[in-house]
Structures are given as C-alpha cells and as structure tokens.
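A look at the structure
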Amino acid sequence: MMDKPWSNRAWFFVIPVLVVVLFSSLLPMMTVVNYSVQDTMGQNHFFWNGAAWFQNLLDPTTDIGGRFASALVRNLIFSFVVLMIELPLGIAVAICIPRHGWKVGATLVLIALPLLIPWTVVGTIWEIFARQDIGLLGAALNGIGVHYNDTQDPTSAWATIVMMDVWHWTGMIALLSYAGLKAIPDAFYQAARIDGASRWSVFRNIELPKLQKVLVIAVLLRFMESFMIYTEPSVVTGGGPGEATSFLSLDLVKIALGQVDLGNAAAMSIVYYLITLTICWIFFTIMTQLDQRKGA
Amino acid sequence: MSLQLNSVGLKYGADVIIDDVSLTFDRGTMNVLLGPTLAGKTTLMRLMAGLDRPTTGEITVDGKSVVGVPVRKRSVAMVYQQFVNYPSLTAFENIASPLRVAGLGKSEIDSRVSEASRVLRLDPYLQRLPAQLSGGQQQRTAIARALVKRADLVLLDEPLANLDYKLREELREELPRLFAATGTILVYATTEPAEALLLGGTTATLWQGRVTQIGPTPAVYRRPANIFAARVFSDPPLNEMTVTRTGGEATLPDGRRVGADHLLPGLPDGRYQIGFRVEHARLAAPSGNASAFQGKVAVTEISGSESFVHVDLGFATWVSLVLGVHDWEPGLLAEISIDPGRVFVFDEAGALVRAPDNLAARAMSEMV
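What you see is a predicted model, and the numbers here were worked out from it, not measured in a lab.

All names here are of chain A. One way to put it is that helix H8 (residues 186-195) packs onto helix H9 (residues 199-227) with a least axis distance of 11 Å and a crossing angle of 165°. Taken together, H8 and H9 sit at an angle that is classed as roughly antiparallel. Crossing angle aside, the handedness with which H8 passes H9 is right-handed. Contact residues: H8 offers Phe-188, Tyr-189 and Ala-192, while H9 offers Val-202, Ile-206, Glu-207 and Lys-210. Considered class by class, the residues forming the contact of H8 with H9 number five nonpolar, no polar and two charged.

The structure is reproduced here in structure tokens:
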C-alpha cells in the first residue's frame, strides 16, 4: 500500500474531455441558468430576480404560465399519439421485412430512406405535400370531398404533423425491431411449428418477449425525440393555425428570439429540460424494473 | 410406427446438403446420428420432422409417404442444443403448450405435466419463467415439453451440448429411459463418439451429408466400414498414415521400407490408408526400436487420469493415450510403436479391407 506509485499523469488524458464538456454543455447551460434568475432593463445591465420567472412559469393563471401549460399538454398528447402509432406499426413492418435474399437490402434501404433526409427537408416535403392547391395529399383529399386545410384547420394541422412524424420515424422502430427479430434463433420458430402454435402465439410468446429490450430503447429514443420536436412543425405549420401545433420548443424559440424575453425563456428551457429528463428516467426505471422482476 | 427414409436428398442450389440417405427407424428404438458439425445431422432431423421437404427421395411412415404433410399434422417432438422455451410463459405453461394446442382437457393437461415434471425433477420450479431457471432446468423443461406430447417421433438435437458435465451425465442416463417407456422412435444427434457409445442403440455415422455406416453402436465402433466412419467415431482423431505396398515391401510415409506382410498381410499391391485409435499408439522414450516412428512431442493434454500426447512425426501428428498424468514436455523426443494386429486397413477409396481379427470376429457375432 505504501509503495503504491502515485502519478498525476492520468489528468493529461482526462483534461481534453473535461474542456470539451465544459464548452459544449456546461458553460452554455450555466448562461441559461444565469438568465433564469436575473432580469434586465436593457443596456446589458442585469439584476437578481430570484425565482420569480419560475413562479410565473409554473402558475397557469399567468400569461406565460398558461402558454407553457397548454404547450406542455400538446407535447404530451403528441408524444403519446405518435408512440401509439409508431410502435405497433414499426413492429408490424419489421415482421414483414424479408429475412433472406436480395429483398432484404432493398427493403432496408427503402425503410431507412426517411431517416436519412435532413429534418428541414422533411418539413418542406410535407408542407408541399399537404398544400391543398398543388400538394398531392391536400389536393387529392379536397378533390374527393374531404375538408382538409392544414393552415386553417387545427385537426388537419395535427393530422399532418402526426402523419409526418410517423412517416419520418416508424422506419427507425422497424429497423431496431428487425435487428431484435433477427437475433431470435431459428430453433424457437421451429419449436413453435412443431408444437403447432399459431402465428399470433409465436408473436405473443416468442417475438414480443424477445423484443422487449430493443423496444425499451426504441420507446426512450422516440419519446425524447418527439417530446423535443421542433424543426418539422416549424416548417410545416409554424405552430399554427393559431396556437394549435405550438409545441414547447416552438413556443420557447418564439419567446427567446421573437420577444427576446430572456428570463422567461431561460426558466422555460430549464423546466422543459428537467421534464424531459424526469419522464425519461421514469420510463427507464419502470422498464428496467419490469425486466429485473422477470430475471430475478 | 416405423419411419423410413428412402434415398433422401436435399440440395440448396448447387450445394448438396443431404446425399442419398436411406434409414429405417422402428418404434421404441434408440437411434444415434453421429457426425461432426455440418455433417447434416440437424438437416436430416428437419427432414424427418417435416420442417423441410427433401428434393429427392421419399419419407414414409408405416409405408405411407409423408412428404408435404405439414409439421403440425405430424406427431413429432424436438429438443434443441439451445434451450428453447417460450420466454413469457412459466415452466408449467411451457410444458403444457403442445397439449393446449392439441386442445386437451384441464385435468389431462395437469396430470401429464405433473408426471413429466416429477420425473424431470421440475416440481419446485413450475411457476417460474425460463429466465429464472438455470440452464439445466431450462433444458429439462424443454425435454418435459417433448415428453408430455407423447409423440411418435422424438428428435433430440445435441440436447446436452450446452450443459455442464455433471448434468450431462445425469440426463444422458435418464433420457433414453424416459422416452423408452413411451415407445417412441428416439433419434439423438451428437458429435461425440463417447456419447454415442453410452447411449447404445443403433448408430448411423454421418459425413458430408452422407450416411457412411449404420449398425449397432458398439459394432460400428469396433468395425467401421470405411475410413469416414472410423474418423467420425474417433475422438481424439484417428491416427492415420498412407502405406504403399509393392511386392513384398511396404513403403511407410517417412520413407522407410518394411516387410509388407507385417502391416498388410495377404493384401494385393497398392496404396492403403492405415488408421488406429489413440489407445493403440504406444508411446515410449526413444529406444532405437527399428519399427517404431520417431518424433517430437507437440502438446500434452491431461484429461482426468489420462494424458493425450501429441507427437509430431514430420508426415503427421499422432496422438497417444497414456494412462496416468504424465509430464511429456513439448519438444521431447519420443517414439510411437503400433501393433499391426490392432490397426484398421482401408483401401485408397476408404473402404475397410482389414480389421483387427479377434475384434472383427466378435463384432460380427454381435451383428448377427
């Protein structure tokens, strides 16, 4: 013990990482924290404002609090709806992907295609797709007599955003699930065939339990991503019509950059961040505990 | 019930997986498929189960062709090398699953499952999920599932390969007994000669998709019909050398010429392959014995109370079994002598032309 060599050289290897983390996340984050507890009268003169911004924000009767609460509800509904569609759909698609031959590559590329498109481009594609004058979807729907107008009708706007997200991200769940399905040894399917088990029973008793771990990751990724959605709706609807598709991130940008209301925006950023973190933690805890209870 | 494979073949494109296999299995028999990995054991079982269709040949049950009859309409059960159970069902439900599909009544299911779980000592674990069971318990659950089904054909595909030593010994003893009581056709695939000998019954040796020999297990071991069967049925590998006979002389692989009647008595001129198992390669320190083979020790494996000494002879590496734990350091000079009365002689194509006399006679009498 006494002769244990003591060397500080390890720090040389750690320092670059610490510096990068400092500049990439810690410092920007601290600026936000800084703004969230101060107010300004202009001329770059700041003074202490305590927790006032936060009290405002978390009180739904105030103007900013009301905006925040309704945007939060919209976010939760949106995440819930897209997960409910994308998860079963992704699994279903994964089951239908061929397992052998040249079709595998072709199918996987097709499925991955939306994932490779830059998000603003996805937004633009859908914005044009949904237009009722020249858009394939918008014009076709109106042509067959369905009232559809994503710039004026909130239901149309929501439908467009949800469809766009499903189109954009179901592929990811399908790819993850496909990888999970491929990992199931053939012997399980054989055993089920020999038992005379039905297709549903194979899915329920073999595929779904074996996919559980992959699906935990898929749900987490999709939740985080959908809860922070910004780019696509900002291009397609810009948060409208009215406030109908104004999600937290869109509202945040409006407050911070549109109104240059730094205190409110900073407080909102922090609360938004903490909510995302908490929900992910809850998801993760529940799912890993389910798993542990089974494995114990 | 009797299951027959008549000149069964299977091809994937140009690859021949199973080549002209003819086998007959009768009710209540123990049948071993012995062969190295990729010899076609699993494929053959898939064909028997009806999971795959043969490209050529016929598979019949009691004389009637079953080619094209779907698996679910057949009376088959199978146990795999991997522990295959439904992950979301308890051990009880796993064992009961084929009976539920068959639509049996609750009391019948309960009694069959409890009987199977009793003989496989699974009673305390019936309410657990597979992930909560040890490897041995998982495999016993899979075996119980095959047992309760009371299938006419039970296929065991290296069922003990992933289990630890102690469990393997236990289950290997129990398995044939468990299924013998049901009067089923039991087919057991293994890569291990020792396992085949312990199981007894009938053995078919497989090599590159072909059956190289069929017969009572000890007889196949004692008198392999060809060098392929001998190789498959030897672990550690068969020691081999090629010897050419010209007139009264035989040329050994190391270039020496010896009297031919010593090694190849009464055989015509030609090239022969000589094979013998490790217990018939006598290892000694170099003594200048003119008929022995000189070499250097390459590796010594100590296995329990035996040592396997690998000796590099230049033309081949032979393995010798020495009883006891011996310290043959790699690099030591050694010589291996063989008893010509103990070797198998195969012709150039690999067919057996001469077996150790006394053993051959005994094996023949057993085969009758």
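What follows deals with the sheet that holds strand E15 (residues 281-284) of chain B. Residue and element names in this part refer to chain B. Judged by pairing direction, the sheet is antiparallel, and its five strands sit side by side in the order E15-E19-E16-E17-E18 without closing on themselves. The outermost strands of the open sheet, each flanked by one partner alone, are E15 and strand E18 (317-323). Averaged over neighbouring strand pairs, the angle between their axes works out to 45° when direction is ignored. Relative to strand E19 (residues 333-338), strand E16 (residues 293-303) is paired through four bridges, and the arrangement is antiparallel. Bridging across to E19, Gly-295 finds its partner in Ala-334.

Looking now at the confidence of the model for chain B. For chain B, per-residue confidence averages 89 on the pLDDT scale, and 97% of positions sit at 70 or higher. Under a pLDDT of 50 for its full length, residues 364-368 of chain B has, in the predicted model, five contacts with residues more than four places off or in other chains.

Before going further, it helps to spend a moment on the packing of aromatic side chains. Residues and elements named next belong to chain A. Counted according to the given criterion, the structure contains 17 aromatic pairs over all chains. Ring plane angle 65° and centroid distance 5.3 Å describe the contact between Phe-223 and Phe-283, whose orientation is recorded as edge-to-face. Taken as a pair, Phe-223 in helix H9 and Phe-283 in helix H12 (residues 262-295) lie far apart in primary sequence, 60 residues in all. A relative accessible area of 24% places Phe-283 in the partly exposed class. Here the aromatic residues Phe-223, Phe-227, Tyr-272 and Phe-283 are joined through ring pairs into a cluster of three or more.

Calculation criteria
- Residues numbered from 1 in each chain as written.
- Chains lettered and ligands numbered in written order.
- Predicted model: local features only at pLDDT ≥ 70, side-chain atom pairs only at ≥ 80, totals over all residues.
- Heavy atoms only, no water.
- Axes fitted to C-alpha atoms, helices over the stretch in contact; angles between N-to-C directions.
- Helix = DSSP H or I, 4+ residues; strand = E, 2+ residues; numbered from the N terminus.
- Parallel < 35°, antiparallel > 145°, perpendicular 65-115°, else oblique.
- Left-handed = near helix turned anticlockwise from the far one by under 90°.
- Contact = heavy atoms within 4.5 Å.
- Nonpolar A, V, L, I, M, F, W, Y, C, P; charged D, E, K, R; others polar.
- Pairing = 2+ DSSP bridges.
- pLDDT = per-residue confidence, 0-100.
- Phe/Tyr/Trp six-rings, centres within 6.5 Å; stacked < 30°, edge-to-face > 60°.
- Buried < 20%, exposed > 50% of the residue type's maximum accessible area, 1.4 Å probe, protein only.

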